[in-house]
Amino acid sequence: MWSCGLYRLDITNKIHSHEGYMAKISINLKDGTVNKAEKQVTTIVGIDLGTTNSLIAFIKDGEPYAIKDQHGKHTLVPSIIHFDPKGDVIVGEAAKDHLVSNPERTIYSIKRLMGKSFGDVDQFDSFLGYEIIDEDTESLVKIKVDETFYTPTELSSKILQKLKRNAEKELKLEIQKAVITVPAYFNDAQRQATRDAGKLAGLDVLRIINEPTAASLAYGIGINREQSSVVAVYDLGGGTFDVSILEIQSGIFEVLATNGDTFLGGDDFDKVIVQHWMAALDLTEQQIDADKSLGQELRTQAEEAKKQLSSKSVFETTISGKSVSITKETFQSLIKPLVQKSITSCERALADSTLSISDIQEVILVGGSTRVPYVIEQVSAFFNRPAKHQINPDEVVALGAAIQADILAGNRKDMLLLDITPLSLGIETIGGLMDVLIPRNSKIPSALGRQYTTSVDGQTKLKVAVYQGERNLVSDNRKLGEFVLSGIPPMAAGMPKIEIQFLIDADGILRVKAKELRSEVNTEVEIKSTYGISEEDMARMLIDSLQHAEADMQIKVLQEAKNEANGILLASNKFLTQHRDILTDDEFEQTTSLIQSLATHVDSGTKDEINAAMQTLNTYTAPFAEKAMDKTIKAALSGKKI
Ligand code: ADP
Ligand code: MG
């Protein structure tokens, strides 16, 4: 048995926290103390990279605001990229017109393809006007324009570059750092693809945060760490709908449930108006397909009608010279089934969160389509409270991302979230205990070393298993990796001195080194400590650890008592075989029975029973140790020639 046979050896902890590397504040979540290093002025922007529209926002005089495009008109940049035949890339409003005239060179809805393999998107390939490449179903999709292949990451980076340029123009300074939002349901691959898009656009992406988290921050929810809240965020955009139930505690946002429909949004509202008018004008699908400009006219007018009906009761216009109209009532009856679908998603999310309507403390509306009064009504009715829509629903996510950026810049002293290790890092020691080397909230980079020893005689190899998390037992934490230190010369248990060092660099990469100091045998591994872990997973692990703190502590003290008792059992048994001759038969029997009793308690006793049995055994055998000592000295003396 050589695995994980590690005992913590001593208290020579060497901590080198490279102070001043990054000027940030850090807050100890336990006691709320603030460590403030010198402050550095940084401009960090918040970006909402949307399916239909994207925005960039910034904090000015403590307030977030969305930055307007180069014409100073719109804050919304349509997420559309057009490749013109000259090779120029046109992004945003100017690319919109090409959707109809040049569909094969105009890319939209790229967010749907982020981090997806061809196999994933097979089913909606036909919805898109451009060409998706089928290389093999396992690899990530590519989009073909002329003879060039683009990844969704590259295409998204074009949108990010455009936003970056808009911001640089308005703020007259270079933008290097950003917080980018993604839907709560995005998986690791999709988040990584978004992060990479930022990198490609020349941005240092400090955080990827969830859109509903950003929306909550924009409404000031979660900023005060003392307040906890349960929030429903209803996001109805152009082509997608999602609802998230968030629980916010101590500044930690946990997604309890999310639900939605990736093919439900404002575009569908436009479609039902188009169909309504087609019926009124006696137009067929074939006629529309044959006459692209008629189709475009219908769609544009339908969107206009929808927007105006948010504040007017009737909309009138002409299509191909013929007058058409639609009333608010008709519009509502047309979209009723669509809105009902979204409410069904809300019901499912609520059921998954195992909460009831009365547990939801706030309802927040996000996305341009939540401007429709009927949507506001229906959502408010379902959750039985007025849904918040005071902040511009197109901008709310970007504004929240800007607030998060401001927090990261260290401008909000009331907030946490910094360049720190989000979860503790440590190794497995005997009994499956987590021995933390780098505690949660340590500044990065940092390094720490600690010495360990073996628990079994003649152990020549040992496994170092690295874990992340706050629980006392490694089985409750997340395993990051393991490696074997081999070639240790055989020694008695407790003799080897094994130094384990954790070094975590500025990118969050953890290097773990193990070295047996007597023999100089050493080995080293590199582990990406945050790989594959989402902010939600982190939040869940933290919340779990808080909820289980009491029970975990009991398990830990019990395991520690067992470890100590096992050490004593080992030593006592050794003593009995080596020094049988100095004990009377009575003493031998009594010792054996005390050892037996301790062993039984180690198996099934409580911490107090184990400690009591250890105490009894120790007290009883203490005089024998002296006798043994005398015997050894006498033997040594008699062996010596005087
Ligand atoms: P996404 O998050 O998918 O990028 P947005 O939140 O920007 O999308 O929402 C875009 C949708 O909002 C479009 O369908 C647009 O027509 C719709 N929209 C914008 N303004 C209004 C309005 N006043 N009334 C109704 N719908 C609107
Ligand atoms: Mg959106």
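Small disclaimer: the values here were computed from a predicted structure and weren't measured.

A few points about the overall build of the protein chain
Move 1: Tallying secondary structure elements over the protein chain gives 16 helices and 30 strands in all.
Move 2: Across the 642 residues that make up the protein chain, the buried fraction comes to 50%.
Move 3: Taking the intrachain contacts of the protein chain between residues at least 6 apart in sequence as the baseline, contacts between residues at least 24 apart amount to 65%.

Quick look at the sheet that holds strand E10 (residues 89-91)
Move 1: The sheet built from three strands is open, its strands ordered E10-E9-E11 with antiparallel pairing. Looking at strand neighbours, the two that pair on one side only are E10 and strand E11 (106-107), the edges of this open sheet.
Move 2: Where strand E9 (residues 81-83) meets E10, three bridges bridge the pair, whose relative direction is antiparallel. Residue pairing for E10: Phe83 is matched across the bridge by Val89.

Let's talk about unusual backbone geometry
Move 1: Phi is positive for Asp146, close to 55 degrees, though the residue is something other than glycine.
Move 2: Inspection of the secondary structure assignment puts Asp146 in the loop between strand E13 (142-145) and strand E14 (148-150).
Move 3: Positive phi, close to 60 degrees, is recorded for Asp282, a residue that is not glycine.
Move 4: Position of Asp282 among the secondary structure elements: in the loop between helix H7 (266-281) and helix H8 (285-290).
Move 5: We classify Asp282 as exposed; its relative accessible area is 67%.

Some points on the site of ligand 1
Move 1: Near ligand 1 there are 17 residues, and of these Thr52, Asn53, Glu303, Lys306 and Gly368 occur at the shortest range.
Move 2: Contacts to ligand 1 include Gly238, whose backbone N or O atom sits 3.2 Å from an oxygen atom.
Move 3: Contact between ligand 1 and Ser369: an oxygen atom at 3.3 Å from a main-chain N or O atom of the residue.
Move 4: By residue number, the principal contributor to the shell around ligand 1 is helix H9 (residues 292-308), which donates three residues.
Move 5: Here the shell around ligand 1 is built from residues that sort into one nonpolar, 11 polar and five charged.
Move 6: Counting contributing residues per domain, the shell around ligand 1 is built from domain 2 (41-219 + 391-418) and domain 3 (266-333), each supplying no fewer than three.

Description of the packing of aromatic side chains
Move 1: Under the defined criterion, the tally for this structure stands at eight aromatic pairs.
Move 2: Note on Tyr108 and Tyr130: the rings are 5.7 Å apart at their centroids and 85 degrees apart in plane angle, and the pair reads as edge-to-face. Note that Tyr108 is positioned in the loop between E11 and helix H3 (118-121) and Tyr130 in the loop between H3 and strand E12 (131-133), a separation of 22 residues in sequence.
Move 3: Ring geometry for Tyr620 versus Phe624: centroids 5.4 Å apart, planes at 90 degrees, classification edge-to-face. Remark: Phe624 and Tyr620 occur in helix H16 (residues 607-639); sequence separation between them is four residues, near one turn of the helix.
Move 4: For Phe624, a relative accessible area of 4% corresponds to the buried category.

Observations regarding the environment of Asp270
Move 1: Summarising the element assignment, Asp270 is placed in helix H7.
Move 2: For Asp270, a relative accessible area of 9% corresponds to the buried category.
Move 3: Along the sequence, Asp270 and Ile335 sit 65 residues apart, while their C-alpha atoms lie 9.5 Å from each other.
Move 4: Look past the residues within four positions of Asp270 in its chain and what remains in contact with it is Ala302, Glu303 and Lys306.

With respect to helix H12 (residues 396-408)
Move 1: End to end, H12 covers 19 Å across 13 residues, agreeing with the expected 18 Å (1.5 Å per residue, within 8%).
Move 2: Among the 13 residues in H12, 13 count as buried, and that is most of the element.
Move 3: Count one or two residues on from H12 and you reach Gly410, which has phi positive near 85 degrees.

Structural notes on the sheet that holds E12
Move 1: A sheet is described by the order of its strands in space; here three strands give the open sequence E12-E13-E14, paired in antiparallel fashion. Each edge of the open sheet is held by one strand with a lone partner, namely E12 and E14. The sheet shows a mean angle of 40 degrees between the axes of neighbouring strands, taken without regard to direction.
Move 2: Both E12 and E13 contribute to a ladder of three bridges, which runs antiparallel. Residue Ile132 lies in a different strand from E13, and its bridge partner there is Ile143.
Move 3: Strand contacts of helix H4 (residues 152-171): E13 and E14, with the helix running at about 80 degrees to E14, the strand carrying the most contacts.

Observations regarding helix H11 (residues 373-383)
Move 1: Taken as a whole, H11 has its buried residues at Tyr374, Val375, Ile376, Val379, Ser380, Phe382 and Phe383.
Move 2: The elements touched by buried residues of H11 are strand E17 (229-236), H7, helix H10 (328-353) and strand E22 (362-366).
Move 3: Following H11 by one or two positions, Asn384 adopts a phi angle in the positive range, close to 60 degrees.

A few points about the pattern of salt bridges
Move 1: Counted by the stated rule, this structure contains 16 salt bridges.
Move 2: For Arg580, the salt bridge identified is with Asp585, shortest N-O distance 2.6 Å.
Move 3: When its relative accessible area of 30% is taken as the criterion, Arg580 is described as partly exposed.
Move 4: Because the salt bridges share partners, they merge into one network encompassing Lys463, Lys479 and Glu482.

Calculation notes
- Residues numbered from 1 in each chain as written.
- Chains lettered and ligands numbered in written order.
- Predicted model: local features only at pLDDT ≥ 70, side-chain atom pairs only at ≥ 80, totals over all residues.
- Heavy atoms only, no water.
- Helix = DSSP H or I, 4+ residues; strand = E, 2+ residues; numbered from the N terminus.
- Buried < 20%, exposed > 50% of the residue type's maximum accessible area, 1.4 Å probe, protein only.
- Contact = heavy atoms within 4.5 Å.
- Pairing = 2+ DSSP bridges.
- Near = heavy atom within 4 Å.
- Polar contact = N/O pair within 3.5 Å; in protein donor to acceptor, adjacent residues only side chain to side chain.
- Nonpolar A, V, L, I, M, F, W, Y, C, P; charged D, E, K, R; others polar.
- Domains from an automatic or database assignment.
- Phe/Tyr/Trp six-rings, centres within 6.5 Å; stacked < 30°, edge-to-face > 60°.
- Expected span 1.5 Å × (residues − 1).
- Axes fitted to C-alpha atoms, helices over the stretch in contact; angles between N-to-C directions.
- Salt bridge = Lys/Arg side-chain N within 4 Å of Asp/Glu carboxyl O.

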